[in-house]
Amino acid sequence: PTETTLEYDAVVVGGGPAGATVATLVSLQGHRVLLLEKERFPRYQIGESLLPSTVHGVCRLLGVTEELERAGFTIKRGGTFRWGSNPEPWTFAFAISPKFAGEGATAYQVERMKFDQILLDNARAKGVEVREECSVLDVVEEDGRVAGVRFTDQDGVRHTVRSRHVVDASGHKSRIHGKVGGKRHYSEYFRNIALFGYFLGGKRMPPPNQGNILAAAFDSGWFWYIPLTDELTSVGAVLRHEELERAQGDREQALLSLIDDCPLIAEYLAGARLVDSGPYGEIRVRKDYSYSKESFWRPGMVLVGDAACFIDPVFSSGVHLATYSALMAARSINTALRDPAAEQAAFEEYEARYRHEYALFHDFLVAFYDMHQDEESYFWKAKRVTHHTATEIEAFVELVGGGASNETALIDAGSYIERRDFRELTEIVESPVLALGEDRNLLQASLARSVVKAGARIQVQAALGENVDEVLPMREGGLVPSLDGMHWTAPAS
Ligand code: FAD
């Protein structure tokens, strides 16, 4: 049976970090957004080590900072690597980069079942209509444009939804990414296989690095060791393609024998117990995960997060790229909904920015997988790919913290929030139906605080024109973020 046709400004397929982010940021602009998720949350997902750009940038814009704090996730100050020609482990802290100053110098290690649930619930709270157990089957096309999707709900009822924009945020398993045209190109270089499980009782690094990700190279590849809670550790072996055989057969035996081959991880897991029940009780394998789509959009449809591309787990860039691309796509959708004539330029900007960020990680990681170099040479490479003018180590930390894009939203999200609050409060105070009495005083006190914070910035903006943060576009003829950070606009001349 087929149900009625519904109409939205945007339909988002998939409720992972990319989908929840883009849906929330479009809904916050007052647009009607439907998000369709195949599973019922909480659902398992890999990708547990986050970057400061996600935690203090995008998550702050989404308004989930306090909820993340309440969730009690492990605080990650940086990474510890037994990698390259140096036989000793070396550690970097996000605090090395001035971009992640103060509280911004941390990220979280998250259980994705909890993290993704927080983002999806937040999308609901911010006005997105979220429907779980709804599987998107195909897109609707009309006059050369994607104009909606077809899906089945939890009762097997088929629906058609019409929408100005369709966002494919359905991850690596996307069944509709082909509709933007072009192929998914699998990397010739990154052809690794990951085999991963969970342990209770693994060792922790000494403070303050107890929450760091530990990455340890060994003959067949490398291990990640991610402390999710005091007790629970995510452990995964990333094997070179030639080692495929080692991941086949009995997965438990395979994982345990790989651990035996890597002395540092074996030492950390001595006395630990492999989890054997519940969602963490399964040993999983992932391969063919390094790819990029030929096109990221076509009129009416855009790919975000893993639906568009993914590189490699080593620097935990997956959720960063997912949430960064979602923010970029939200700007493009908001811009096109306000002014349909701006659609082409807005989505070209999206694709250029997402490709640029992806390429930074990609090019750096190619050099990082050369195990004959030491860390100084990796830092130098980071400086080269980012064209950074600071020291090598700062360039490296900025890149692997997700801060290389010079995107204000990622390193100073507060400035957009201050401006939004300022605008909203100004509208309320100037409104003729303003609540009277004490409320007015409260509002004015609140406005006064906001004015002090945002005032200086806004005065500069008044003097310089629309854009003060990013006067220069990323590329010739490109656009820059608008004052509210939620649209694209032409750069000030
Ligand atoms: P997803 O998180 O995959 O979400 C997609 C959603 O779409 C899912 O909930 C799915 O159920 C839903 N969906 C799928 N099909 C449909 C459909 N037809 N209809 C409706 N809904 C649908 N990243 C990190 O940041 N840190 C790490 O430490 C890290 N480690 C990794 C290790 C490995 C081995 C791999 C392979 C990846 C790792 N990643 C890591 C990457 C990370 O897993 C992804 O980049 C991230 O989850 C992408 O988010 P997303 O929102 O694009 O997709």
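Residues numbered from 1 in each chain as written. Predicted model: local features only at pLDDT ≥ 70, side-chain atom pairs only at ≥ 80, totals over all residues. Heavy atoms only, no water.

Chemist: Any chance you could explain the state of the cysteines here in plain terms?
Modeler: What we call a disulfide is simply a covalent bond connecting the sulfur atoms of a pair of cysteines. Summed over all chains, the structure comprises 0 disulfides. Left unpaired, C59 is separated from the closest cysteine sulfur, that of C309, by 19 Å. Judged by its relative accessible area of 1%, C59 falls in the buried class. (Disulfide = S-S within 2.5 Å. Buried < 20%, exposed > 50% of the residue type's maximum accessible area, 1.4 Å probe, protein only.)

Chemist: Which parts of the structure should I look at to understand the environment of G104?
Modeler: Here G104 is to be found in the loop between β5 (90-93) and β6 (107-109). Under the relative-accessibility criterion, G104 is labelled buried at 16%. Along the chain, G104 and L244 lie 140 residues apart, while their C-alpha atoms are 39 Å from each other. If sequence neighbours within four positions are ignored, G104 has contacts with P52 and H56. (Helix = DSSP H or I, 4+ residues; strand = E, 2+ residues; numbered from the N terminus. Contact = heavy atoms within 4.5 Å.)

Chemist: Mind showing me how you'd approach the site of the ligand here?
Modeler: As a matter of local geometry, the ligand sits amid 37 residues, with E37, Q45, I46, D306 and V319 nearest to it. In the model, an oxygen atom of the ligand is placed 2.9 Å from a nitrogen or oxygen of the R43 side chain. With respect to the ligand, the backbone of I46 contributes an N or O atom lying 2.7 Å from an oxygen atom. For the ligand, whose accessible area on its own is 1,000 Å², the fraction buried by protein is 96%. Of all the secondary-structure elements, those providing two or more residues to the shell around the ligand are α1 (17-27), β8 (135-142) and α7 (318-338). Here the shell around the ligand gets 3 residues from one element, more than from any other, and that element is α7. Looking at the shell around the ligand residue by residue, the classes come out as 16 nonpolar, 12 polar and 9 charged. (Near = heavy atom within 4 Å. Polar contact = N/O pair within 3.5 Å; in protein donor to acceptor, adjacent residues only side chain to side chain. Areas by Shrake-Rupley, 256 points an atom, 1.4 Å probe, with all protein chains shown as cover. Nonpolar A, V, L, I, M, F, W, Y, C, P; charged D, E, K, R; others polar.)

Chemist: Would you take a moment to explain the nonpolar core for this structure?
Modeler: Grouped together as the largest cluster of nonpolar side chains are 128 residues, with contacts concentrated most on W83, V149, F315, F364, F368 and F396. Broken down by element, this core gets its largest block of residues, 12 residues, from α7. Non-local contacts of F315, meaning those with residues more than four positions away in its chain, are made with L51, F81, F92, F361, F364, L365, F368, F396 and V400. Of all hydrophobic cores here, the second largest spans 24 residues; its members include L195, F199, L214 and A237. (Core = buried A, V, L, I, M, F, W, Y, C linked by side-chain atoms within 4.5 Å.)

So, to be careful, I would describe these as geometric facts and stop short of saying anything about function.
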